[in-house]
Amino acid sequence: MVSVCYYVKLFLNRAILYSLEVDNMLNNKPHIVVVGSGFGGIKLCKLLAKEDVEVTLVDRHNFHLFQPLLYQVSTSVLSVDEIAYPTRSFFRDNKNINFFMAKAKGVDQERNILHTNHGEISYDYLVLAAGATTNFFGMKSVEDNAYGMKTIQEALAIRNHVIHEFERADKPYRTPEERKQKLTFVVVGGGPTGIEEAGAISELVDTLKKEFHHLDFSNVSIKLIEATGHVLPMITPDLQEYTVKTLRDKGVEVMLNTQVVDYDGKVLTLKSGEKIPTSTVIWAAGVRAVDFIKDCGGECARDGRIWIEEDLLVKGAVNRNVFAIGDCAAFMHGDMQRPLPTVAPVATQEAVVCCKNIMKLIHGEKELLKFEYKDLGAMATIGRGKAVVNSPKMTGFIAWCAWMFVHLLRLAGAHTNFTVAIKWMWNLFSGIRLGRVITSIKLDSGKLTIKKVEEDFSHVKNVNEGKPVIWK
Ligand SMILES: Cc1cc2nc3c(=O)[nH]c(=O)nc-3n(C[C@H](O)[C@H](O)[C@H](O)COP(=O)(O)OP(=O)(O)OC[C@H]3O[C@@H](n4cnc5c(N)ncnc54)[C@H](O)[C@@H]3O)c2cc1C
């Protein structure tokens, strides 16, 4: 009986596979491969979903991450599922958008092939939207010992570590020096991420003050280090001053014109020679393109971003079919001195033009649209109920309401909008942060074995032969 069932199941599986393969052979729609399900990649796929094309969206993770709120996970306000969403759920009604979870490794532009750790994928058009990673500017010791702020894993690591440092400092056997080192938190980088992180840590400390009954909180020190003479370079000097003053009022020591040169995990060394004993350095001082971009066959800027033309095609590409958008692309408007910043509106606005240009090429048009960036202004929170907005100029609570409204609108899904809005209101009035849980403590040996499964798929050749990869 068991073997009859087995053969029936085998026959049905084969039949389904065969019909999908036939479907694909008959389907001669242009095949677009998009690498990265970030702001740029998701926006592009949503637009392509309405077109008569087949799309394969490749990402190493199965989720889209709302990076601007990572700092709220790292400081116990929000939980992971409020800022990360399963990519497949965006396209459940779009049969022409197929998700393929894999790590992209490089591009063979001569053969129109994307290399991944699960084999090769051939494309008619390729869009690189793989984003950026932390830039430690070649400081190996800092890279080895500081926390980055680009991934969900890093945000959780910071949350676990910061809360744990309070527990460790609370032990009666600590010397005063050890306690001070554990309670010194350094954030490097005066951009929006650094400002938001430093402000949020100071508020987390306010919550913990009420719960650690024996700990002397005069030992707590939060430092924000910035190499230039000002914070938030994209806003006006008066707003910068307001930001620094608000942070100082919250107990954050803002150190401008200060450069980090070394960090061994215990002591942070500044260019001036000053040494700061600390076991927590959060690095929010710069980004560079993800490593994969350098293997895509284009010319790259110093920060690894691939240069693109005004029509968003990769500069010097072998064929006119490789585009790049968002943080991994370096786009220079005519008279600009430096490429566009790595912010979400650049990625989403480029996605719109990229979609139009791909459709133009598919329809045989030679003349493509030129990308024009519309700057929508900048904003940053400086903690609970306080923010700065530069266009129109606002500060304080009104600016915070504007910040909250814009971020709620940009979050994916009604459920998340609802839970995040409730948590922000709850936090505003009570200061409560419910996510103060340490989840990284190792279980006793033998109770749980986590195996690292790393398969090698480099031998797999062309998984789709020019077609979408759904049936593989
Ligand atoms: C902490 C923080 C705060 C920020 N705050 C703001 C803000 O307030 N406002 C603002 O406008 N911007 C902000 N940004 C920047 C903004 O998040 C980025 O500009 C935006 O995410 C860029 O979108 P993207 O599509 O280019 O790349 P991303 O959103 O980074 O997406 C890239 C995707 O590519 C995938 N990927 C990478 N490498 C590979 C590979 N080899 N193979 C397969 N997949 C790969 C990644 O998994 C990811 O899903 C912030 C960023 C951070 C980190």
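Calculation rules
Residues numbered from 1 in each chain as written. Predicted model: local features only at pLDDT ≥ 70, side-chain atom pairs only at ≥ 80, totals over all residues. Helix = DSSP H or I, 4+ residues; strand = E, 2+ residues; numbered from the N terminus. Buried ≥ 20, exposed ≤ 12 C-beta atoms within 10 Å, placed from the backbone. Contact = placed C-beta atoms within 7 Å. Near = placed C-beta within 6 Å. Nonpolar A, V, L, I, M, F, W, Y, C, P; charged D, E, K, R; others polar. Domains from an automatic or database assignment. Pairing = 2+ DSSP bridges. Axes fitted to C-alpha atoms, helices over the stretch in contact; angles between N-to-C directions. Parallel < 35°, antiparallel > 145°, perpendicular 65-115°, else oblique. Left-handed = near helix turned anticlockwise from the far one by under 90°. Core = buried A, V, L, I, M, F, W, Y, C linked by C-beta atoms within 7 Å. Expected span 1.5 Å × (residues − 1). Arc of directions from axis to C-beta. Right-handed = clockwise from strand over helix to strand, strands pointing away. pLDDT = per-residue confidence, 0-100.

**Q** Sorry if this is basic, but what is going on with the overall build of the protein here?
**A** Per the secondary structure count, the protein includes 12 helices and 24 strands. The proportion of buried residues among the 472 residues of the protein is 41%. For the protein, the share of sequence-separated contacts (at least 6 apart) that also reach a separation of at least 24 residues comes to 66%.

**Q** Please explain the environment of G316 as it appears in this structure.
**A** Along the chain, the position of G316 falls in the loop between β19 (306-307) and β20 (322-324). Take G316: there are 13 C-beta atoms within 10 Å of it, and that puts it in the partly exposed class. Measuring from C-alpha to C-alpha, the distance between G316 and G298 comes to 6.3 Å, with 18 residues separating the pair along the chain.

**Q** Quick question: what am I supposed to make of the site of the ligand here?
**A** Around the ligand sit 33 residues in total, of which G36, G38, G40, G131 and G326 are the nearest. Where the shell around the ligand is concerned, the elements lending two or more residues are α2 (39-48), β2 (54-59), α3 (70-74), α8 (192-209) and α10 (344-362). Class assignment of the residues belonging to the shell around the ligand gives a composition of 17 nonpolar, 11 polar and 5 charged. Counting contributing residues per domain, the shell around the ligand is built from domain 1 (20-60 + 102-134 + 289-362) and domain 2 (140-285 + 378-430), each supplying no fewer than three.

**Q** Even after reading the chapter, I still don't get the sheet that holds strand β23 (residues 387-390), so can you show me in this structure?
**A** Spatially, the 3 strands line up as an open sheet ordered β22-β23-β24, and their pairing is antiparallel. Strands at the two margins of the open sheet, each flanked by one partner only, are β22 (379-381) and β24 (393-395). Geometrically, the sheet is characterised by an average inter-axis angle of 5° between neighbouring strands, direction not taken into account. As judged from the 3 bridges shared by β23 and β24, these two strands associate in the antiparallel manner. Note that in β24 the partner of V388 across the bridge is T395. Packed onto the sheet, helix α11 (residues 396-410) meets β22, β23 and β24 and runs at close to 75° relative to β23.

**Q** Even after reading the chapter, I still don't get the packing of α2 against α10, so can you show me in this structure?
**A** The description of two packed helices rests on the angle between their axes and on the distance between the axes. With their axes 8 Å apart at the nearest point, α2 and α10 run at an angle of 30° to one another. When the interaxial angle is binned, α2 and α10 end up roughly parallel. As for how α2 packs across α10, the hand of that crossing is right-handed. Residues F39, G40, K43, L44, L47 and L48 of α2 form the contact with α10, whose participating residues are A344, A347, T348, E350, A351, V352, C354 and C355.

**Q** Please explain the nonpolar core as it appears in this structure.
**A** V188, I282, W283, A387 and V388 are the most contacted members of the largest nonpolar core, which has 63 residues in total. In this structure I282 touches A146, Y147, M149, I158, V187, V188 and E197, once residues within four positions along its chain are discounted. Listed in part, the 60 residues of the second largest apolar core include V34, V53, C296 and A329.

**Q** For this particular structure, what's the right way to read the sheet that holds strand β17 (residues 280-283)?
**A** Across a sheet, paired strands are connected by hydrogen bonds in the backbone, their directions being either parallel or antiparallel. Taken in spatial order, the 4 strands line up as β13-β12-β11-β17 in an open sheet, and their pairing is parallel. Looking at the sheet topology across the chains shown, the edges are occupied by β13 (252-255) and β17. Sheet twist, expressed as the mean angle between neighbouring strand axes with direction ignored, is 20°.

**Q** What is the right way to look at unusual backbone geometry in this model?
**A** Peptide bonds are, in most cases, trans, and in most cases residues other than glycine have a negative phi. Across the junction of S391 and P392, the peptide omega takes the value -5°, indicating a cis bond. With respect to the helices and strands, P392 occurs in the loop between β23 and β24. Despite not being glycine, N112 has its phi angle at roughly 55°, a positive value. You can see N112 is positioned in the loop between β6 (104-108) and β7 (113-116). Assessed through the 20 C-beta atoms surrounding it within 10 Å, N112 is described here as buried. Residue L312 is not a glycine yet carries a positive backbone phi of 80°. The residue L312 is located in the loop between β19 and β20 in this model.

**Q** Just checking my understanding: could you explain α11 for this structure?
**A** Each full turn of the α-helix corresponds to 3.6 residues, which orients residues three or four apart in the same direction. For α11, which comprises 15 residues, the first-to-last C-alpha distance of 21 Å matches the rise-based estimate of 21 Å (1.5 Å per residue) to within 8%. Every buried residue of α11 is accounted for by A399, W400 and W403. Buried positions in α11, seen along its axis, are confined to an arc of 100° and lie on one side of it. Exposed positions of α11 whose direction lies more than 90 degrees from the buried face are I398, F405 and L409.

**Q** When you look at the pairing of strand β12 (residues 221-225) in this model, what are you seeing that I'm missing?
**A** In regular strands, side chains alternate between the two faces of the sheet. Where strand β11 (residues 184-188) lies against β12, 5 bridges are found, and the strand directions are parallel. Opposite V186, over in β12, you have K223 as the bridge partner. Handedness of the crossover joining β11 and β12 through α8: right-handed. Summarising the sheet, β12 and β13 pair through 4 bridges and their orientation is parallel. Pairing of L224 across the sheet is with V254, part of β13.

**Q** What is the right way to look at the pairing of β11 in this model?
**A** Most of β11 sits inside the fold, with 5 of its 5 residues counted as buried. Residue alternation in β11 divides its side chains into two sets, T184, V186 and V188 and F185 and V187, and both sets are buried.

**Q** Before we go on, may I ask you to explain α10 in this structure?
**A** For α10, with 19 residues, the first-to-last C-alpha span of 27 Å sits near the 27 Å given by 1.5 Å per residue. Within the span of α10, buried status applies to V346, A347, Q349, E350, A351, V353, C354, C355, N357 and I358. Buried positions along α10 lie against β1 (31-35), α2, β9 (125-128) and β20. Remark: G364 follows α10 within two positions and exhibits a positive phi of approximately 80°.

**Q** I'm lost on the confidence of the model for the protein in this one. Help?
**A** Detailed reading of the predicted coordinates is not advisable wherever pLDDT is low. Chain-level pLDDT for the protein is 89 on average; 88% of the residues reach the 70-or-more range. The low-confidence segment residues 1-26 (pLDDT under 50) makes 7 contacts with residues lying over four places distant or belonging to another chain.

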